[in-house]
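Observations on the model geometry
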Amino acid sequence: MRGRMDGQVRRRRVFYVPGYDPFPPRRYRELYRREGALQAQISGYALKLAPQKGGREGYGWQVEAETEGLASAAQVTVLVWADLVQASMRQGVLGSYWLMLRTLWIFFSTGALVAMIRLRPAPMLSGAYPVAMLIVQAGLAAGLGWLIYRLGGWALAGTVWGIWLAAGLGLAAAYGLLLAFQRLDRKLFAYYLLYDFAHTARLRGANSPALEARIAEFVAQIRTALTEDWDEVLVIGHSSGAALAVSVVADVLRGPRPAEAPPLALLTLGQAIPMQAFLPRAERLRRDLHDLAARDDLFWLDVSAPGDGCCFGLSDPVAVSGVAPPGKRWPIVISAAFSQSLLPETWKRMRRRFFRLHFQYLAAFDNPRDYDYFQITAGPRTLASRFAGRKPSPARIERVRSPHRSMA
């Protein structure tokens, strides 16, 4: 295929691995549709979405693009693990507080918490947020319960049963307020972030059997794509999904591939890999990082931004995990440079919207530089061709920070 020879792409297969997200994958299609149209208007190319054709596994869509007279198309598939996320979030109020204590203990006792703070303090503010928010909510609930108890005790004074009744009313009021806070979490995100950290820490960095089974399904889909007529197969991992994407691609490359397989590329966005890789039982992930880092049949680009407080911005996940092999080539770590690629008024409006900013990698930029998500996924050049010769960011972090470096 011509794309394999000169870096041009007519047909691309894209596999997108979301982060820890319980919502249906159609939200990514709508985000792509809305932001892609905006980016195409800003940058002066054409982009059109269509429903997925055929009986392919998973949820996806098709994209057609025209850039400077060059036509290209992409088949995008979301590798869904939202059902596993939903299952991990089924916790009651009291169970969530126990989960918070257990998760804090795991990160602290293993040394991972201190190591992550030394690596990048900003993401740890995201980790401190749910703890602080849940403590505040517990304090407000306790205050309300005490107030109800005191008022009830005064009104029902004189009987033992009155005191017990007042205590029961106070406990019911406190628990009811905690339930109300939990139901408001779509706006507060305290429970959501707690469950994200807890899911990673539950097995001290190891993947659950259910997640390993899902990874195997993803690997099978990508291996099938590598036998088909594509000019590039691109795997994208965002946020917590970046670690999954690393393991998926590592397993793909451990298996057989046709001699004429299309080029394989990996793009990690806003990665939180150290959150898992720094835990003691993350041997599998550390081995995957090590094995990918020196491959000559892969192109791996890592994009993050210091302004994104939900990721370990500009940290080289291989190097900081202490598993860099001799002859390390990947990833190329670059910055999305939010403060430069967004207009000052856009940056000023968004910089306090931490969760929205964390999804900016999948959105339109006012002044895109070499990073354009829609050109990368649907444009006429492979990832390797687009970033050929691109030097990594001089501000990247490569100093080893992980307290655990054993590999499976």
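Everything numeric in this text was worked out from a predicted model, so none of it was measured.

As for the overall build of the protein chain
Regarding its fold elements, the protein chain presents 19 helices and eight strands. Each principal axis of the C-alpha distribution contributes one length, and for the protein chain these read about 90 × 45 × 45 Å. With 408 residues in all, the protein chain has 51% of them scored as buried. Within the protein chain, contacts between residues separated by at least 24 positions form 77% of all contacts whose residues are at least 6 apart in sequence. When the 50 positive and 32 negative side-chain charges of the protein chain are each reduced to one mean point, those points stand 7 Å apart.

Things to note about the sheet that holds strand β8 (residues 332-335)
In space, the eight strands of this open sheet follow the order β2-β3-β4-β1-β5-β6-β7-β8, with mixed pairing throughout. Two strands lie at the open edges of the sheet, namely β2 (46-51) and β8, each paired on one side alone. Within the sheet, the average angular offset between the axes of one strand and its neighbour, ignoring direction, is 20 degrees. Of the strand pairs in this sheet, strand β3 (residues 59-67) and strand β4 (residues 70-78) are connected by nine bridges, and their pairing is antiparallel. Paired with T67 across the strands is L70, a residue of β4.

Considering a nonpolar patch on the surface
Residues W105, F108 and V114 make up a contiguous nonpolar surface patch of roughly 360 Å² in combined accessible area. The topology assignment puts V114 in helix α5 (residues 112-119). V114 sits in the partly exposed class, given a relative accessible area of 45%.

So, the pattern of salt bridges
It is possible for side chains bearing opposite charge to pair when their charged atoms get close. Taken as a whole and judged by the stated rule, the model has 20 salt bridges. Among the ionic pairs, D297 bridges to R257, the shortest N-O distance being 2.4 Å. You can see D297 sitting in the loop between α13 (283-292) and β7 (299-304) and its partner R257 sitting in the loop between α11 (241-254) and β6 (264-269), a full 40 residues away along the chain. You can call D297 partly exposed: its relative accessible area is 24%. You can call R257 partly exposed: its relative accessible area is 28%. In this structure, D297 and R295 form a salt bridge, with 2.7 Å as the shortest nitrogen-oxygen distance. Classification of R295 by relative accessible area gives partly exposed; the value is 24%.

Topic: the packing of α11 against α13
With their axes 9 Å apart at the nearest point, α11 and α13 run at an angle of 60 degrees to one another. Between α11 and α13, the interaxial angle falls into the category oblique. Along this stretch, α11 crosses α13, giving a crossing that reads as left-handed. The segment α11 lies against α13, with A243, V246, S247, V249, A250, D251, L253 and R254 engaging R284, L285, R287, D288, L289, D291 and L292. A class-by-class count of the residues in the contact of α11 with α13 yields eight nonpolar, one polar and six charged.

Concerning helix α9 (residues 190-201)
Taking 1.5 Å as the rise per residue, α9 with 12 residues should run 16 Å; its terminal C-alpha atoms sit 17 Å apart, in good agreement. Burial of α9 is extensive: 10 of the 12 residues sit out of reach of the surface.

Things to note about the state of the cysteines
Counted under the stated rule, the structure contains zero disulfides. For the unlinked cysteine C311, the closest cysteine sulfur is that of C310, found at 7.8 Å.

Some thoughts on the environment of A74
Tracing the chain through its elements places A74 in strand β4. Considered as a pair, A74 and V14 are 60 residues apart in the sequence and their alpha carbons are 6.8 Å apart. Once residues lying within four places of it in the same chain are set aside, the contact partners of A74 are R12, V14, W61, Q62, V63, T377 and A378.

Some details on helix α4 (residues 93-109)
Note that an α-helix has 3.6 residues per turn; residues three or four places apart therefore point the same way. In this model α4 runs 24 Å from its N-terminal to its C-terminal C-alpha over 17 residues, within 8% of the 24 Å that 1.5 Å per residue would give. Residues V93, S96, Y97, L99, M100, T103, I106 and F107 constitute the buried set of α4. G111 lies just past α4 and shows a positive phi near 85 degrees.

Topic: the packing of aromatic side chains
Scanning the model with the defined rule gives 16 aromatic pairs in all. A ring pair is formed by Y16 and Y28, whose centres lie 5.1 Å apart and whose planes are at 55 degrees; its orientation type is tilted. Of this pair, Y16 sits in strand β1 (residues 11-17) while Y28 sits in helix α2 (residues 26-43), and the two are 12 residues apart along the sequence. Here Y16 matches Y28 in class, with each residue buried.

With respect to the side chain of R286
Looking at where R286 falls in the secondary structure, it is placed in helix α13. No salt bridge is formed by the buried R286; the nearest opposite charge belongs to E283, separated by 4.7 Å. Here S406 takes part through its backbone oxygen, which lies 2.7 Å from a polar atom of the side chain of R286. When neighbours within four sequence positions are excluded, R286 is seen to be in contact with A277, F278, L279, P280, S321, V323, H404, R405, S406 and M407.

The rules behind the values
Residues numbered from 1 in each chain as written. Predicted model: local features only at pLDDT ≥ 70, side-chain atom pairs only at ≥ 80, totals over all residues. Heavy atoms only, no water. Helix = DSSP H or I, 4+ residues; strand = E, 2+ residues; numbered from the N terminus. Buried < 20%, exposed > 50% of the residue type's maximum accessible area, 1.4 Å probe, protein only. Contact = heavy atoms within 4.5 Å. Lys, Arg positive; Asp, Glu negative; His and termini not counted. Charge placed at Lys NZ, Arg CZ, Asp CG, Glu CD. Pairing = 2+ DSSP bridges. Axes fitted to C-alpha atoms, helices over the stretch in contact; angles between N-to-C directions. Patch = residues over 30% accessible without salt bridge, like charges linked within 9 Å, V, L, I, M, F, W, Y side chains within 5 Å. Areas by Shrake-Rupley, 256 points an atom, 1.4 Å probe, with all protein chains shown as cover. Salt bridge = Lys/Arg side-chain N within 4 Å of Asp/Glu carboxyl O. Parallel < 35°, antiparallel > 145°, perpendicular 65-115°, else oblique. Left-handed = near helix turned anticlockwise from the far one by under 90°. Nonpolar A, V, L, I, M, F, W, Y, C, P; charged D, E, K, R; others polar. Expected span 1.5 Å × (residues − 1). Disulfide = S-S within 2.5 Å. Phe/Tyr/Trp six-rings, centres within 6.5 Å; stacked < 30°, edge-to-face > 60°. Polar contact = N/O pair within 3.5 Å; in protein donor to acceptor, adjacent residues only side chain to side chain.

What is shown is where atoms sit, not what they do.
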